[in-house]
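Here is how the chains run, residue by residue.
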Amino acid sequence: MEPMEAEGAEFADWLSAGNAAGMEYLKRNPQARSSPAALFAGARSALVVSASYYTDLPSNPGAQWGRVARYAVGQDYHTVLSAKLSELKCMIEGEIGRPLLSKAFSDNVALFEQAYARRAGLGFVGRNTLVISGKTAGSYQYIAELFTDLELEPDEPIVGSCGGCFRCAESCPTGAISRSGVLNAGACVAYLTIENKGGIPLEHRAAIGERVFGCDICQEVCPYNKQPPEARWKEFHSHSGVGHYLDLVNLLAIGSQDEFKHKFAHSPLLRPRRRGLIRNALVVLGNLRPDSGLAELTQFALNEPDIMLREHAAWAVAQYGDECSGKVLDSLYQREEDPGVKSKIADYKEQMGTPIKSRL
Ligand code: B12
């Protein structure tokens, strides 16, 4: 197995251009990323697999529901794929009649998984930075690897390209994908709603639209995804997880991290924790402005101890832009003790054209 030197250099350039935003973990272990032996000394081959997670989108249940990216509607793929790779290992052991020395990976360590997939002939890396497995399989595929001590003949990379198509770059609501196919993670809705630990920058809030967790726009517009194959494992179907939509008002009622962990056990939605998912729900409520939302947002803003969440709630209230939401902002302003949040509330009120009379 060859070290991934060219990919390592490309990755280093991407990091030094600041494209990784707050994902500090991507900067750790550069050696392990490009050298298979650093992860598993006995590695002689990598069996690289892809598995579809595509499921059709049902109709939206109502105005207070936000969208979940397709990779997250079912069970957490890390656990599911590592169990599937254990089955694969047993099958191989049955074939070769000896224990297999192996190590399974699926997005759980620093590894250039897309580069492995490309080298193994599973697809080419598209302009949307995802591995595209041609017209029959598209890109709604997870990638996982079983490093083994087997000496195997390597597969050839397949030839493929996006040609003159720029739909992903042109459709990205935050302009995160350049025409040359470089992703600025700091602007990607998937990063902003999943990996980002802080607030959502004001300039991206409206662009998030209805997306409460992750984003698939750069895949939805891709011509290679016209007829993606359905996920063949039930674990990736919506009935095994949270499904395609989340009730945003219900999310606001989750009072603690423990309650959150219980509600989202075995789901990729655990990743941003209660704080991150509620932050997203507040932004989406502000974008969708459901009738039932204003009263719930007000209650939330009055009772929530976290200042970042209170600020997002005030922003969401301001998006209603009517007399009633203006009055809510006045009372939030009077009650607010944090000077930073107080000043933001006053800004939002001013943007509504009715400044707070006694701004401090
Ligand atoms: C960090 C990360 C993110 C970040 C940054 C994504 C990015 N594109 O960089 C964020 C949070 C934004 C993200 C979002 C998503 N992610 Co993500 N993510 C990762 C992770 C952990 C690392 C990716 C990484 O290193 N990025 C850094 C950039 C520089 O790497 P890169 O673009 O892969 O660069 C390589 C290519 O340029 C490659 N290369 C390509 N062509 C060529 C040609 C030559 C000649 C050479 C030398 C090199 C080369 O070399 C570089 C090094 O590998 C991987 C898992 C893993 N361990 O790999 C999953 C992974 C990429 N994510 C995945 C998924 C599903 C998603 C989402 C679709 C989830 C969602 N719906 O919200 C979105 C898609 C957004 C998008 N367009 O990328 C899947 C993608 C599967 C696929 N078909 O490609 C992966 C592989 C996880 C998995 N095991 O299944 N993700």
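Our subject in this report is the structure included herewith. Note that the structure is predicted; figures quoted are calculated from it, not measured.

Describing the overall build of the chain
On a plain count of helices and strands, the chain comes out with 17 helices and 8 strands. For the chain, the C-alpha radius of gyration of 23 Å lies close to 21 Å, the compact-globule estimate for 360 residues. With the principal axes as the frame, the chain shows a C-alpha extent of 75 × 40 × 35 Å. A burial count over the chain gives 42% of its 360 residues as buried.

With respect to the site of the ligand
Around the ligand, the structure places 37 residues, and the nearest of them are Ala 69, Phe 112, Val 125, Ala 190 and Gly 214. When residues of the shell around the ligand are traced back to their parent elements, those giving at least two are helix 1 (5–16), helix 5 (113–119), strand 6 (141–148) and helix 8 (189–195). For the shell around the ligand, the leading source of residues is helix 1, giving 5 residues. When its residues are assigned to classes, the shell around the ligand shows 23 nonpolar, 7 polar and 7 charged.

Notes on the sheet that holds strand 6
Taken in spatial order, the 3 strands line up as 1-6-3 in an open sheet, and their pairing is antiparallel. Each edge of the sheet is formed by a strand with only one pairing partner; in this case those strands are strand 1 (45–52) and strand 3 (102–105). For this sheet the average axis-to-axis angle between neighbouring strands, irrespective of direction, equals 20°. Relative to strand 6, helix 4 (residues 77–96) is tilted by about 40°, and along the sheet it contacts strand 1, strand 3 and strand 6.

Some details on the pairing of strand 6
For strand 6, a buried count of 8 out of 8 residues is recorded, marking the element as mostly surrounded by other parts of the structure. Across the two faces of strand 6 the burial is the same, with Gln 141, Ile 143, Glu 145 and Phe 147 and Tyr 142, Ala 144, Leu 146 and Thr 148 all buried. The sheet contact formed by strand 1 and strand 6 spans 8 bridges and is antiparallel. Bridged to Val 49 within strand 6 is Ala 144.

Comments concerning the environment of Val 68
Locating Val 68 in the fold gives a position in strand 2 (residues 65–68). In this structure the C-alpha to C-alpha distance between Val 68 and Gly 340, which are 272 residues apart in sequence, comes to 31 Å. If sequence neighbours within four positions are ignored, Val 68 has contacts with Val 73, Val 212, Phe 213, Gly 214, Val 242, Gly 243, His 244, Tyr 245 and Leu 246.

So, the nonpolar core
Counting 91 residues, the largest nonpolar core has Cys 188, Ala 281, Ala 313, Ala 314, Val 317 and Leu 329 as its most contacted members. Residue contributions to this core peak at 8 residues, all from helix 15 (residues 307–320). Residue contacts for Val 317: discarding those within four places in its chain leaves Leu 294, Leu 297, Thr 298, Ala 301, Ser 325, Val 328 and Leu 329.

Comments concerning helix 14 (residues 293–303)
Along an α-helix, residues three or four positions apart point the same way, because every turn accommodates 3.6 residues. Restricting attention to buried positions, one finds in helix 14 the residues Gly 293, Glu 296, Leu 297, Thr 298, Phe 300 and Ala 301. The elements touched by buried residues of helix 14 are helix 11 (248–252), helix 13 (273–288), helix 15 and helix 16 (323–335).

Description of the packing of helix 15 against helix 16
Contact geometry for helix 15 and helix 16: axes closest at 8 Å, N-to-C directions at 155°. By the angle between their axes, helix 15 is roughly antiparallel relative to helix 16. The segment helix 15 lies against helix 16, with Ala 314, Val 317, Ala 318 and Tyr 320 engaging Ser 325, Val 328, Leu 329 and Leu 332. The residue inventory of the contact of helix 15 with helix 16, partitioned by class, reads 7 nonpolar, 1 polar and no charged.

So, the environment of Asn 287
With respect to the helices and strands, the residue Asn 287 is situated in helix 13. Taking the C-alpha atoms as reference, Asn 287 lies 19 Å from Gly 198; in sequence the two are 89 residues apart. Apart from residues no more than four positions distant in its own chain, Asn 287 is found in contact with Ala 206, Ile 208, Gly 209, Glu 210 and Gln 319.

With respect to helix 15
Here helix 15 contains 14 residues, and its C-alpha end-to-end distance of 21 Å stays within 8% of the 20 Å for a straight helix at 1.5 Å per residue. Counting buried positions along helix 15 yields 12 of 14 residues, so the element is predominantly enclosed. All of the buried residues in helix 15 are Leu 309, Arg 310, Glu 311, His 312, Ala 313, Ala 314, Trp 315, Ala 316, Val 317, Ala 318, Gln 319 and Tyr 320. Where helix 15 is buried, its residues touch helix 9 (202–208), helix 13, helix 14, helix 16 and helix 17 (339–351). Positive backbone phi, approximately 65°, marks Gly 321, located one or two places after helix 15.

Comments concerning the sheet that holds strand 7 (residues 211–213)
Spatial strand order, 7-2-8: 3 strands in an open sheet with mixed pairing. Single-partner strands in this sheet number two, and they are strand 7 and strand 8 (245–247). With strand direction ignored, the average angle separating the axes of adjacent strands in the sheet is 50°. By the bridge criterion, 3 bridges tie strand 2 to strand 8 in an arrangement that is antiparallel. Bridging from a neighbouring strand, Arg 67 pairs with Tyr 245 of strand 8. Together, strand 2 and strand 7 form the strand contacts of helix 13, whose direction differs from that of strand 7 by roughly 175°.

Parameters at a glance
Residues numbered from 1 in each chain as written. Predicted model: local features only at pLDDT ≥ 70, side-chain atom pairs only at ≥ 80, totals over all residues. Helix = DSSP H or I, 4+ residues; strand = E, 2+ residues; numbered from the N terminus. Rg over C-alpha atoms; globule rule 2.2 N^0.38 Å. Buried ≥ 20, exposed ≤ 12 C-beta atoms within 10 Å, placed from the backbone. Near = placed C-beta within 6 Å. Nonpolar A, V, L, I, M, F, W, Y, C, P; charged D, E, K, R; others polar. Pairing = 2+ DSSP bridges. Axes fitted to C-alpha atoms, helices over the stretch in contact; angles between N-to-C directions. Contact = placed C-beta atoms within 7 Å. Core = buried A, V, L, I, M, F, W, Y, C linked by C-beta atoms within 7 Å. Parallel < 35°, antiparallel > 145°, perpendicular 65-115°, else oblique. Expected span 1.5 Å × (residues − 1).

Any functional reading would require information that these geometric values do not contain.
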